[in-house]
Amino acid sequence: MTEGKRRDLARLGARLGLVLDARPLDDQLADAFGDGAPTLLDVGVGSGEATVAWARDHPDHHVLAVELHRPSIVAALRAVDEAGLATVRVADADARAVLDVAAPGDLAQLRLLFPDPWPKRRHHHRRLVDAAFVARAAEVLASGATFHLATDWPDYAAAVRALLEADDRLALVDGPPPSRPVTAYERAGVAAGRAATDLVAVRR
Ligand SMILES: C[S@@+](CC[C@H](N)C(=O)[O-])C[C@H]1O[C@@H](n2cnc3c(N)ncnc32)[C@H](O)[C@@H]1O
């Protein structure tokens, strides 16, 4: 990373970042925000443009943006800072670690826009959304909460659809998905001829 990015990671991270630890997620978010609004979890946020839009659309919610890639974390921190949003925190963490410290009913929505596709069959085991991920998500979503995934890889969409259908706690929803911006990754997919599929399931 450049010196400027390192500086912003420290400067903006101190105010808008969240250093995840092993305590219950609810406690960590209460420390960060000082109140207990419902939580939206945005996984693999990249540059954070869609996170900013989500937070603007949900001013009464907290948004926890989770990202592993340091330069993307800096970009997301800058986007949140420029938007002047006090309801967002960016966690430098693995989404699975966030779900591990969440309690049943903690999440009002869980969203994954274009998770890394790992298109080669021999790499499919690296995909973030697998049976364990869906099962853990179903445990921590509140009743009526949504699970929303968008991907431009049809076989990933089919695999996730099958996982959502197989979990009795989740009900797939037909119809238009929740509004979201076109993300940077989606733009690249469209340019390569791949259309997005949105999958939405509601926690019963
Ligand atoms: C293909 S990019 C999509 C970024 C953005 N959502 C978009 O649509 O432009 C996937 C992102 O997920 C992040 N990621 C991958 N595995 C993750 C994990 N286990 N937890 C959190 N983020 C993860 C990657 O670092 C990457 O930024």
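Residues numbered from 1 in each chain as written. Predicted model: local features only at pLDDT ≥ 70, side-chain atom pairs only at ≥ 80, totals over all residues. Heavy atoms only, no water.

As annotated in an unreviewed UniProt entry, the protein chain is tRNA (guanine-N(7)-)-methyltransferase from Iamia majanohamensis. Entered under Sequence similarities (unreviewed entry) in the UniProt record, the comment concerning the protein chain runs "Belongs to the class I-like SAM-binding methyltransferase superfamily. TrmB family." Per its UniProt entry, the protein chain bears the Pathway (unreviewed entry) comment "tRNA modification; N(7)-methylguanine-tRNA biosynthesis." (UniProt positions renumbered as here; feature names shortened; annotations may be inferred.)

(A) Summary view of the sheet that holds strand β6 (residues 141-151). Reading across from one edge, β1-β4-β3-β2-β5-β6-β8-β7 is the order of the 8 strands in this open sheet, with mixed pairing throughout. Of all strands in the sheet, those bounded by a partner on one side alone are β1 (17-18) and β7 (170-172). Pairing geometry for β6 and strand β8 (residues 197-203), over 6 bridges, is antiparallel. Each bridged residue has a counterpart across the sheet, and for Thr-151 the counterpart in β8 is Thr-197. Contacts from helix α7 (residues 154-166) reach β6, β7 and β8 within the one sheet, and its direction differs from that of β8 by about 10 degrees. (Pairing = 2+ DSSP bridges. Helix = DSSP H or I, 4+ residues; strand = E, 2+ residues; numbered from the N terminus. Contact = heavy atoms within 4.5 Å. Axes fitted to C-alpha atoms, helices over the stretch in contact; angles between N-to-C directions.)

(B) Fine view of the site of the ligand. Residues in close proximity to the ligand total 18 residues, the closest being Gly-44, Glu-67, Ala-95, Leu-113 and Thr-183. Between Asp-94 and the ligand, the recorded distance is 3.1 Å, taken from a side-chain N or O atom to a nitrogen atom. The fraction of the free accessible surface of the ligand (600 Å²) that becomes covered by protein chains is 87%. In this structure, the ligand is accommodated by the largest pocket. For the shell around the ligand, the secondary-structure elements that each account for two or more residues are β3 (62-67), α5 (95-101) and α8 (184-191). Each residue belonging to the shell around the ligand can be placed in one class, and the counts come to 10 nonpolar, 4 polar and 4 charged. (Near = heavy atom within 4 Å. Polar contact = N/O pair within 3.5 Å; in protein donor to acceptor, adjacent residues only side chain to side chain. Areas by Shrake-Rupley, 256 points an atom, 1.4 Å probe, with all protein chains shown as cover. 1 Å grid on protein atoms, 1.4 Å probe; cavity = no way out; pocket = protein on both sides within 12 Å on 5 of 7 lines; lining within 4 Å. Sits in = over half its atoms within 2 Å of the grid points. Nonpolar A, V, L, I, M, F, W, Y, C, P; charged D, E, K, R; others polar.)

(C) Structural detail: the layout of surface pockets. If you add up the space inside the largest pocket, you get close to 660 Å³. Along its surface, the largest pocket is lined by 31 residues, and Gly-44, Val-45, Glu-67, Phe-114 and Asp-116 are the ones closest to its centre. If you list the elements that add at least two residues to the lining of the largest pocket, you get β2 (39-43), α3 (49-57), β3, α5, β5 (107-113) and α8. (Points joined across faces, edges and corners; volume = space filled by probe spheres on them.)

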